[in-house]
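Observations on chain architecture
If you want the building blocks of each chain, they are given just below.
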Amino acid sequence: MTVPRDSIRRHVIATYPLARNRGQHVGERMTDRADLVVVGAGTVGGWASVFAAEAGAGHVVVLERGLAGDGASSRAAGIVRAQGGTPATVALGRWSIDFYRGQAETYGADSGFRELGYLILAATEEDERLGRERVAMQHGAGLADVRWLDAAEAVATVGTLSPHGHRGGSFRDGDGHIDPPRNVRAYSMAMQAAGIELRERTPFAGLRTSDDGARVTGVETSGGVIETERVLLTGGPSLRSVGSLAGLRIPAGAARHTVAVLEPHEAFAVERMPMVFDLGAGLYWRLEEGGLLFGWSDPDETPGQAREIDWAAYERYRERLAGYVPVTLDLGLRKIWAATIDYTPDHLPILGPAIRPDGSVIDGVTIASAAGHGMMWGPGVARVAADLAVHGATSLIDASDYGLDRFDEQGRSRLAPDSVALPFPVVAD
Ligand SMILES: Cc1cc2nc3c(=O)[nH]c(=O)nc-3n(C[C@H](O)[C@H](O)[C@H](O)COP(=O)(O)OP(=O)(O)OC[C@H]3O[C@@H](n4cnc5c(N)ncnc54)[C@H](O)[C@@H]3O)c2cc1C
């Protein structure tokens, strides 16, 4: 096998602390046995590997087919909110915000969390009714500081918001955003400090199991087999294909998601201005570098991996944004990118054991997806995934609802969807 020079250099960097500890030479191939193998070095796999190592998982190897952060995690808009649509997603959001707040002290590097506040707009009378019900549910889930703002209060809170086209919305001061590339840096540093062996450019290719298929015994990779009794499968927008390599049917979707940043304007040259979500249209915006960042997903397009810009959609969402934030009308475009986002049929995370299409469980294998909410729930999802992989149980949420067994053969979930989610296309099975 020809190994690219850059890959050798990264392997040396990634394995150096461990190699030194074991008296091996720098760059020498580690023994191919691990106590836990994590597939995917995105925010879910990255933080989960750190939490698992802290929980005593032993020698943890992370397999990444490209480079750490190559998937959705480095390309996100970074919106983080505890305003979830169910008690469990409220809990994941709160845990993640607490994590981001305390992260620098624990790990020596932050993810750039900035508390700006978040207003989730209601455009219609029905949106308002559902929004007020959601706030009551959130209060019941312990999120006491979320409140309803009428249209005038919303405009007074978000100075650039038009008084027209909405009926106010739910608001929470403590929501905010992270800087996604900084988060990739932070978990990469934490992985290195925890002695985790990151193998970049090493795709996962399949599972090895005991003769009766009941228990995992190893993983196949492009660089050979690693013996292990514990595996955590992540993959974000590629989780469906990671699952099929493992003989699983995971109804995880992938779709284009686009983020644009407009030129700076004095209206945005402020320390703090709340972020806004036009929930019905799947359009959100926040401050970024003195300008405005906005993002959207178009539910009418064909699902699948996509990185090209849909300029017609850009014009439509830009126009809608100008309706809510008139000052953006004549602002130039500073940058724009499209990337593939992950989602699930009910917009809820997937957390639980590997279950084959015939219903049999592969002991030792755990699945984790943040369902397109990896910035806001990522650390919480990673915590649950690590707990399940190492201890078989977690106290953060009742994870028994979030396994693969909630989906039928067509990928339909028996759970009601999370109501605070982007309107993604239907997952086709
Ligand atoms: C444009 C955009 C904007 C977004 N904005 C937000 C936001 O504002 N707030 C929010 O909460 N979420 C947002 N998201 C969603 C969020 O980024 C994801 O939910 C999150 O990054 C998923 O993390 P992950 O670790 O599961 O997946 P990823 O970051 O995609 O990581 C999975 C990794 O697995 C690797 N992999 C795949 N197959 C294999 C294989 N066979 N072997 C080894 N490795 C493999 C991939 O290369 C990848 O690095 C956004 C996403 C996009 C694309």
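Residues numbered from 1 in each chain as written. Predicted model: local features only at pLDDT ≥ 70, side-chain atom pairs only at ≥ 80, totals over all residues.

Another point: the overall build of the chain. In terms of regular secondary structure, the chain is built from nine helices and 20 strands. In terms of overall size, the chain behaves like a compact globule, its C-alpha atoms giving a radius of gyration of 22 Å where 429 residues would be expected to give roughly 22 Å. For the chain, buried positions account for 50% of its 429 residues. Of all intrachain contacts in the chain linking residues separated by at least 6 positions in sequence, the fraction that spans at least 24 positions is 74%. (Helix = DSSP H or I, 4+ residues; strand = E, 2+ residues; numbered from the N terminus. Rg over C-alpha atoms; globule rule 2.2 N^0.38 Å. Buried ≥ 20, exposed ≤ 12 C-beta atoms within 10 Å, placed from the backbone. Contact = placed C-beta atoms within 7 Å.)

Let's shift gears to the packing of helix 2 (residues 43-54) against helix 6 (residues 180-193). Contact geometry of helix 2 with helix 6 gives a least axis separation of 9 Å together with a crossing angle of 30°. Here helix 6 runs roughly parallel to helix 2, going by the angle between their axes. For the crossing formed where helix 2 meets helix 6, the hand is left-handed. Packed against helix 2, whose contacting residues are Thr43, Gly46, Trp47, Ser49 and Val50, the element helix 6 presents Asn183, Tyr187, Ser188, Ala190 and Met191 at the interface. (Axes fitted to C-alpha atoms, helices over the stretch in contact; angles between N-to-C directions. Parallel < 35°, antiparallel > 145°, perpendicular 65-115°, else oblique. Left-handed = near helix turned anticlockwise from the far one by under 90°.)

Another point: the pairing of strand 11 (residues 216-221). Strand direction decides the pairing type here: strand 10 (residues 204-209) and strand 11, joined by five bridges, are antiparallel. From the neighbouring strand, Phe204 faces strand 11, where its bridge partner is Thr221. The antiparallel hairpin formed by strand 11 and strand 12 (residues 224-227) contains two residues in its connecting segment. (Pairing = 2+ DSSP bridges.)

Attention now moves to the sheet that holds strand 18 (residues 333-343). Taken in spatial order, the eight strands of this open sheet run 6-7-5-15-16-17-14-18, and their pairing is mixed. The strands lining the two open edges of the sheet, one partner per strand, are strand 6 (146-149) and strand 18. The mean angle between the axes of side-by-side strands here comes to 20°, regardless of whether they run parallel or antiparallel. Where strand 16 (residues 283-288) meets strand 17 (residues 291-296), six bridges bridge the pair, whose relative direction is antiparallel. Counted as the bridge partner of Arg286 is Leu293 from strand 17. In this fold helix 4 (residues 125-140) packs onto strand 5 (118-121), strand 6 and strand 7 (169-172), with an angle of close to 160° to the strand it touches most, strand 6. With respect to the sheet, helix 8 (residues 311-324) is in contact with strand 14 (253-262), strand 15 (275-278), strand 16 and strand 17, its orientation differing from that of strand 16 by roughly 70°.

Moving on to the sheet that holds strand 3 (residues 79-80). Consider a sheet: its strands pair through backbone hydrogen bonds, and that pairing is either parallel or antiparallel. Strand order in the open sheet formed by three strands is 3-8-4, with antiparallel pairing between adjacent strands. The open sheet has two edge strands, strand 3 and strand 4 (114-115), and neither has a second partner. Both strand 3 and strand 8 (residues 176-177) contribute to a ladder of two bridges, which runs antiparallel. In the strand pairing of strand 8, Val80 is matched with Gly176.

This next bit is on the nonpolar core. Residues Val37, Ala48, Ala52, Val60, Leu232, Val381 and Ala385 are the most contacted members of the largest nonpolar core, which totals 125 residues. Considering every element that reaches this core, the biggest residue donor is helix 9 (residues 378-391), with eight residues. There are two domains that each give this core at least three residues, and those are domain 1 (1-11 + 33-113 + 177-251 + 345-415) and domain 2 (114-176 + 253-343). Beyond its immediate stretch of four places on either side in the chain, Ala48 contacts Val38, Leu232, Ala368, Ala382, Ala385 and Ala386. (Core = buried A, V, L, I, M, F, W, Y, C linked by C-beta atoms within 7 Å. Domains from an automatic or database assignment.)

Close to the ligand lie 42 residues, the nearest being Gly40, Gly42, Gly71, Gly236 and Gly374. Secondary structure elements with two or more residues in the shell around the ligand: helix 2, strand 14 and strand 18. No other element matches the four residues that strand 18 contributes to the shell around the ligand. Grouping the amino acids of the shell around the ligand by side-chain chemistry returns 18 nonpolar, 19 polar and five charged. The residues that make up the shell around the ligand include at least three from each of domain 1 (1-11 + 33-113 + 177-251 + 345-415) and domain 2 (114-176 + 253-343). (Near = placed C-beta within 6 Å. Nonpolar A, V, L, I, M, F, W, Y, C, P; charged D, E, K, R; others polar.)

Its 14 residues give helix 6 an end-to-end C-alpha distance of 20 Å, which sits within 8% of 20 Å, the value for a rise of 1.5 Å per residue. Along helix 6, the residues that are buried comprise Pro180, Asn183, Val184, Ala186, Tyr187, Ser188, Ala190 and Met191. The positive-phi residue at the C-terminal boundary of helix 6 is Gly195, with phi of around 75°. (Expected span 1.5 Å × (residues − 1).)

Time to look at the domain arrangement of the chain. By the assigned domains, the chain splits into domain 1 (1-11 + 33-113 + 177-251 + 345-415) and domain 2 (114-176 + 253-343). Between domain 1 and domain 2, the C-alpha centre-to-centre distance is 28 Å. Those elements giving two or more residues to the side of domain 1 that touches domain 2 turn out to be strand 3 and helix 3 (87-107). By residue number, the principal contributor to the side of domain 1 that touches domain 2 is helix 3, which donates five residues.

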